[in-house]
Amino acid sequence: MPETLEYYLDEVARRGSWNGGGSVAASAAALSAALLEKLSVDRRHIQKLRRIRRACLALCWEDGRLFARAIAASAQRHPRSFFLRALARATESPCRVLEYSGELSAIEKQLRRAIRPAFQSDLRCAAALNEACRISACVLIETNLLWMGKVPQAAGIRRRLASAGRRGHVPQ
């Protein structure tokens, strides 16, 4: 079945689906990137926004698959380390979405200066979607880090986000 918007929304709404918050955060980032792409005249920005949009669209589906693997690992009789590795891999999606959100914010700020306030409706919508994306990704990362506790995988995720300038968004 083709992955249409209706199919995607049905999958998010379906009980038992692992396409949830991470997938929705990625879709918000993709929508924000699409609006910014439409508004931009800078070729470099347009190329970057197209790359982000496509990457986030792929993350809509990848996030659910990775999280399903983490849940399956927790339900099986594997050592806890197996679950922690799977959860760290699943946390990669919201981490990437959060990083893309930072890139979208930077472009949105540049466009805000270039577009007259009376014509900023799509820009403001893109900013709102990106803020929802950022908050959602942070909540998911925070939740996964709480599940992980003080293991090396969690410390690695915290270091990665701190080096990307995300300190303050995710609990230390």
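Residues numbered from 1 in each chain as written. Predicted model: local features only at pLDDT ≥ 70, side-chain atom pairs only at ≥ 80, totals over all residues. Heavy atoms only, no water.

*Asks:* Could you give an account of the overall build of the protein, naming the residues involved and the relevant values?
*Replies:* The helix and strand inventory of the protein stands at 6 helices and 0 strands. Scanning the protein from its N terminus toward the C terminus, one meets helices and strands in the order α-α-α-α-α-α. Viewed in the frame of its principal axes, the protein has a C-alpha envelope of about 60 × 40 × 20 Å. The 172 residues of the protein split such that 40% are buried. Restricting to contacts in the protein with at least 6 residues of sequence separation, those with at least 24 account for 72%. Here the protein has roughly 10,000 Å² of accessible surface; of this, 57% comes from carbon and sulfur atoms. The centroid of the 29 positive side-chain charges in the protein is displaced by 6 Å from the centroid of its 15 negative side-chain charges. (Helix = DSSP H or I, 4+ residues; strand = E, 2+ residues; numbered from the N terminus. Buried < 20%, exposed > 50% of the residue type's maximum accessible area, 1.4 Å probe, protein only. Contact = heavy atoms within 4.5 Å. Areas by Shrake-Rupley, 256 points an atom, 1.4 Å probe, with all protein chains shown as cover. Lys, Arg positive; Asp, Glu negative; His and termini not counted. Charge placed at Lys NZ, Arg CZ, Asp CG, Glu CD.)

*Asks:* Pulling in residues and values, what's your account of helix 5 (residues 121-148)?
*Replies:* In this model, helix 5 (28 residues) spans 41 Å end to end at C-alpha, consistent with the 40 Å of a helix rising 1.5 Å per residue. Taken residue by residue, helix 5 has Leu-123, Ala-126, Asn-130, Cys-133, Ala-137, Cys-138, Ile-141, Asn-144, Leu-145 and Met-148 as its buried positions. Looking one or two places after helix 5, you find Gly-149, whose phi comes out positive at around 75 degrees. (Expected span 1.5 Å × (residues − 1).)

*Asks:* Explain the environment of Ala-58 residue by residue, including any values.
*Replies:* As for its position among the elements, Ala-58 is in helix 3 (residues 43-75). Look at Ala-58 and you get partly exposed, because its relative accessible area is 42%. Note: C-alpha distance between Ala-58 and Ala-26 (32 residues apart in sequence) is 8.4 Å.

*Asks:* Explain the pattern of salt bridges to me, and be specific about the residues and the numbers.
*Replies:* Enumeration according to the criterion identifies 10 salt bridges in this entry. Where Asp-42 meets Arg-44, a salt bridge forms, and the shortest distance between an N and an O atom there is 3.1 Å. With relative accessibility at 64%, the residue Arg-44 sits in the exposed group. The shortest N-O distance in the salt bridge between Arg-96 and Glu-62 comes to 3.5 Å. Remark: Glu-62 occurs in helix 3 and Arg-96 occurs in helix 4 (residues 80-114); sequence separation between them is 34 residues. In this structure Arg-96 comes out as partly exposed when scored by relative accessible area, which is 23%. Overlapping salt bridges bring together Glu-37, Arg-50 and Arg-53 as one network. (Salt bridge = Lys/Arg side-chain N within 4 Å of Asp/Glu carboxyl O.)

*Asks:* Which residues make up the packing of helix 2 (residues 21-39) against helix 5, and what values go with them?
*Replies:* It is at 8 Å that the axes of helix 2 and helix 5 come closest, and there the two elements cross at 155 degrees. Of the possible angle classes, the one that applies to helix 2 and helix 5 is roughly antiparallel. The hand of the helix 2/helix 5 crossing is left-handed. Taken together, the residues of helix 5 that come into contact with helix 2 (itself represented by Gly-21, Gly-22, Ala-25, Ala-28, Ala-29, Leu-31, Ser-32, Leu-35, Leu-36, Lys-38 and Leu-39) are Asp-122, Leu-123, Cys-125, Ala-126, Leu-129, Asn-130, Cys-133, Ser-136, Ala-137 and Leu-140. (Axes fitted to C-alpha atoms, helices over the stretch in contact; angles between N-to-C directions. Parallel < 35°, antiparallel > 145°, perpendicular 65-115°, else oblique. Left-handed = near helix turned anticlockwise from the far one by under 90°.)

Shape descriptors only; they carry no functional weight alone.
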